[in-house]
Amino acid sequence: MISLTNPDDEKTLVQFDLRLPEGLSIKETGGEYAIDIAGRTTWRKHSLDANATGGTNATGGITRFLLASSSNATLSGTSGAVIAITLAASDLYQSGDVKLENILLVTPEEKEIFPSDVVFSVSTGIEMVNAVTKNNTVYTLSGQRLAAPKKGINIVGGKKVITGTVP
């Protein structure tokens with residue numbers, strides 16, 4: 001999950017482009033993105049739009065987020081998330097850079113602020129392997145020792161790995 005915060009409540013509008021690496025997408029439930037305005041405001045004061053542009057969400061495209069108030073209401077409080085976005089990884093996703101680009105913040109006086117882009121890494125902590133050497137002890141995720149690795153996720157040499165054939 002990505003939680004976006006800011007240090008003050010003097011903003012009425014937040015806009016940014018979310019660029020996800022291939023294999024990482026915004027989780028969807030019932031055809032809707034799993035995003036929330038996370039307690040810094042209410043749905044009555046602000047509306048949130050998230051629209052995929054430049055490609056689909058599932059193939060590393062860009063999603064533009066716009067959190068705005070039609071009544072010039074500011075964000076509430078000074079701590080906690082402004083927007084919380086739940087991400088989903090494909091079976092083969094290991095790691096990549098998530099980017100927030102074209103960030104725009106607007107104050108009640110309509111002053112526009114353009115912060116620098118933000119980049120951070122998101123990793124599953126699972127490594128892909130095609131084979132496991134006999135010298136490594138193999139365990140299931142629940143800690144049961146195995147004589148040989150099973151197809152799927154195993155603990156080998158203290159690391160989570162996926163064993164089997166990588167397409």
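Just so it is clear, the model here is predicted, and its values are computed rather than measured.

About the cut-offs
- Residues numbered from 1 in each chain as written.
- Predicted model: local features only at pLDDT ≥ 70, side-chain atom pairs only at ≥ 80, totals over all residues.
- Heavy atoms only, no water.
- Helix = DSSP H or I, 4+ residues; strand = E, 2+ residues; numbered from the N terminus.
- Buried < 20%, exposed > 50% of the residue type's maximum accessible area, 1.4 Å probe, protein only.
- Areas by Shrake-Rupley, 256 points an atom, 1.4 Å probe, with all protein chains shown as cover.
- Phe/Tyr/Trp six-rings, centres within 6.5 Å; stacked < 30°, edge-to-face > 60°.
- Core = buried A, V, L, I, M, F, W, Y, C linked by side-chain atoms within 4.5 Å.
- Salt bridge = Lys/Arg side-chain N within 4 Å of Asp/Glu carboxyl O.

Some remarks on the overall build of the protein
Item 1. Scanning the protein for helices and strands turns up zero helices and 18 strands.
Item 2. Counting across all 167 residues of the protein, residues that qualify as buried make up 35%.
Item 3. As displayed, the protein has an accessible area near 9,800 Å², and 49% of this comes from carbon and sulfur atoms.

A word on the packing of aromatic side chains
Item 1. Taken as a whole, this structure holds one aromatic pair when the rule is applied.
Item 2. Taken together, a centroid distance of 4.9 Å and an interplanar angle of 10 degrees make the contact between phenylalanine 16 and phenylalanine 65 stacked. Placement of the pair is phenylalanine 16 in strand β2 (residues 13–19) and phenylalanine 65 in strand β8 (residues 62–68), with a sequence separation of 49 residues.

A word on the nonpolar core
The nonpolar side chains of a soluble globular protein tend to be buried with one another.
Item 1. Ranked by size, the top nonpolar core spans 22 residues in total, and within it Phe16, Leu18, Ile26, Phe65, Leu67 and Ile85 carry the most contacts.
Item 2. Those elements that provide at least two residues to this core are β2, β3 (24–26), β7 (47–53), β8, β9 (83–85) and β11 (95–106).
Item 3. Ranked by residues supplied to this core, first place goes to β11 with four residues.

So, the environment of phenylalanine 16
Item 1. Relative accessible area serves as the criterion here: at 3%, phenylalanine 16 is assigned to the buried category.
Item 2. For the pair phenylalanine 16 and leucine 67, spaced 51 residues apart in sequence, the C-alpha to C-alpha distance is 9.3 Å.

Things to note about the pattern of salt bridges
Item 1. The final tally for this structure, using the stated rule, is two salt bridges.
Item 2. With a shortest N-O distance of 2.6 Å, aspartate 17 and arginine 64 are connected by a salt bridge. Here aspartate 17, found in strand β2, pairs with arginine 64, found in strand β8; they are 47 residues apart in sequence, far enough to count as distant.
Item 3. Classification of arginine 64 by relative accessible area gives partly exposed; the value is 34%.
Item 4. Across the salt bridge formed by glutamate 101 and arginine 19, the nearest N and O atoms sit 3.1 Å from each other. Of the two residues, glutamate 101 sits in strand β11 while arginine 19 sits in strand β2, which places them 82 residues apart along the sequence.
Item 5. Here arginine 19 falls in the partly exposed class, since its relative accessible area comes to 31%.

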